[in-house]
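Coordinate inspection notes
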Amino acid sequence: MENYINREKVNETIQILLHTISHLSTAEIVGYTAGALAARYIIATFVLDKLSDIPGPFAAKLTRFYDVKMKASGKRYVLIDELHKKYGKIVRTGYDTVSIHDAEAVKQIYGGEKFRKAPYYRVFLFNNTSNLIETSDPVQHARYRRIFSPGFSQATLDSLEVLIMESGIIALMNKLNEKYADKPVICNIFNEFHLMAFDILGELAYGKSFNMIQRESHPFPTWIKTRSTMMPLCTTFPEINHYPKLLSIFFPKSNGATMDIIKFSEKSLGARLADKANNRRDFTQLMVEAMKADKEGNYLTASESQVASVVLLVAGTDTTSNTMTFVAFLLSKHPHVQERLFQELEEAMPDRNATINYKDAKKEKIPYLWAVLMEVTRIYPAVPGGLPRVTPKGGAVIAGQFIPEGTVVEVPTWSLHHDPALFADPFEFRPERWLGDDAEELSKNHLVFSVGPRMCAGKNLAMMEMTLAMAHFYRRFAVTLADPNETMPLMQQFIMKPKSLQLNVYLRSRDH
Ligand code: HEM
């Protein structure tokens, strides 16, 4: 390279440039700079545009703000679906982003390591510290997965079942019995499931329950809510997430909430480190061990551990509690389904107040409960949007279309779940569809936990928690909507939830 550079010529050019600039007025400098930036933008957008043959709204081609607007609407999954209906199975959603509505593309994009997680995920950086959900580096991801996989295994979860039952499910059932059942008192069941999910994850990822079912309050959910206001902008312009100082200027409240979360995590982990007698195999224990591990082995830094607690909590609370809210909504709207479920549960648990083990509540034993969960998560997948990935070096042909390297691609989960070619009458709530001979075939396009190496690590925990909670809840109570005309409008950030943060119901005790 050295040989090709004529240093004298370069110096001479710089001198001429500096000389010219020194003779320009401020207004001229501003004008020329703006002109140069505009020219660069026009050339990049219209001349060098590598995605020019992919259809989509004109505004999406011009700026990433088109996507910010979709995200800020809280309805991005619906808007993306409408774009597919208008433009076809491959749609441009931004100047470097493409949505692909094609079931075959799922395996190609998510099934292996080739398509890495997009910079979008940097919004999950806490304090600029990498973690299981955020990292796009397969080596770092493998280290995190190795450390945490014992905590996600069914064997570990079985050993923690009593804890999950007592701190979460039974505690909630007792509260519902006392406070709401058979009384003309409205129960915001969304909130109650939320409190339960927090208490369970508190036990597993913070070493002890937050005791929210009883206390009904804790600053954690507010911190998370405050932090999430930065999502639309910070997922679309992800570079900003590497600069905590910039974040503190642009999003002072979000940043403050992040710092509060980190401080809380630091304190909780410190308490567990000091509690030498406690060695149950939960996530906190895995972190404590990883912090003491050899640098060459499965180690975690203190900062990685604090962030891991947060990430497990964020990933494992709203997802499960919102899904349980969706179950309550759909079962209230379809009383015959609720009745059929009750009959199966009554058979499995003849005594209303008895408890049942997970192994006796599973698909093989109570198939209708499983079918209800499958159908609810098909209609309302807690993570409804496409999961953004980057096309590898050399680009890739996806669904018959060449997509250049470095493009962000995603397959929209909600759209596939409502595609009549994949699910007959997709907008109909019909758990029975999961009891037929083609259930296994159908489940190939059921993507609520995603697929491949980056699929949900907490699937076992989620299924166990939701199955046990639903079994005990619908065995004990009949649920009706406080407002029979309730439509439950939804709001999507990364996770989807009821927009009002409420689902108001009445609970009636099953009397035998
Ligand atoms: C109904 C409940 C849940 C749903 C629908 C769900 C869905 C998902 C989805 C779709 C992903 C892939 C994200 C992506 O690629 O961008 C994911 C990842 C993840 N989930 Fe879940 N999740 C649920 C519950 C849980 C629970 C209870 C935990 C545990 C605390 C958990 C922990 C994680 C983690 C750690 C990842 C990242 C995995 C990795 O990249 O290796 N999730 N989840």
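Everything numeric in this text was worked out from a predicted model, so none of it was measured.

Quick look at the site of the ligand
Taken together, 28 residues lie around the ligand, and Y121, H141, R145, R389 and C456 are the ones closest in. Between an oxygen atom of the ligand and a side-chain N or O atom of R389, the distance comes to 2.8 Å. Between R454 and the ligand, the recorded distance is 2.8 Å, taken from a side-chain N or O atom to an oxygen atom. Contributions of two or more residues to the shell around the ligand are made by α7 (138–152), α17 (302–316), α18 (318–333) and α24 (459–476).

Side note on the coordination of the iron atom of the ligand
The protein gives the iron atom of the ligand a lone donor atom, C456 (SG), placed 2.3 Å from the metal. One can find C456 in the loop between α23 (439–443) and α24.

Considering the packing of aromatic side chains
Scanning all chains against the criterion turns up 26 aromatic pairs. Residues F65 and F237 carry aromatic rings whose centres are separated by 5.1 Å and whose planes lie at 50° to one another, so their mutual orientation is tilted. Of the two residues, F65 sits in helix α4 (residues 65–72) while F237 sits in the loop between α13 (231–236) and α14 (244–250), which places them 172 residues apart along the sequence. On the basis of relative accessibility, which here comes to 49%, the residue F65 falls in the partly exposed class. An aromatic cluster of three or more residues is present, and its members are F198, Y206, F210, F220, W223 and F264. Taking NZ or CZ as reference, R143 lies 4.5 Å from the ring centre of Y299, over its face.

What about the UniProt feature "binding site: heme" (unreviewed entry) in the protein?
This chain's UniProt record puts "binding site: heme" (unreviewed entry) on C456. Residue class for C456 comes out partly exposed when judged on its relative accessible area of 31%.

Some points on α7
The largest bend along α7 measures about 35° and falls at R146, with the proline P150 one to four residues further on. All of the buried residues along α7 are H141, R143, Y144, I147, F148, G151 and F152. The backbone nitrogen of V139 has a side-chain oxygen 2.9 Å away, supplied by the residue at the start of α7, namely D137.

Rules behind the numbers
Residues numbered from 1 in each chain as written. Predicted model: local features only at pLDDT ≥ 70, side-chain atom pairs only at ≥ 80, totals over all residues. Heavy atoms only, no water. Near = heavy atom within 4 Å. Polar contact = N/O pair within 3.5 Å; in protein donor to acceptor, adjacent residues only side chain to side chain. Helix = DSSP H or I, 4+ residues; strand = E, 2+ residues; numbered from the N terminus. Donors = N, O, S within 2.8 Å, 3.2 Å for Na, K, Ca; no water. Phe/Tyr/Trp six-rings, centres within 6.5 Å; stacked < 30°, edge-to-face > 60°. Buried < 20%, exposed > 50% of the residue type's maximum accessible area, 1.4 Å probe, protein only. Lys NZ or Arg CZ within 6 Å of the ring centre and 35° of its normal. UniProt positions renumbered as here; feature names shortened; annotations may be inferred. Bend = angle between axes of the 7 residues up to and from the residue.

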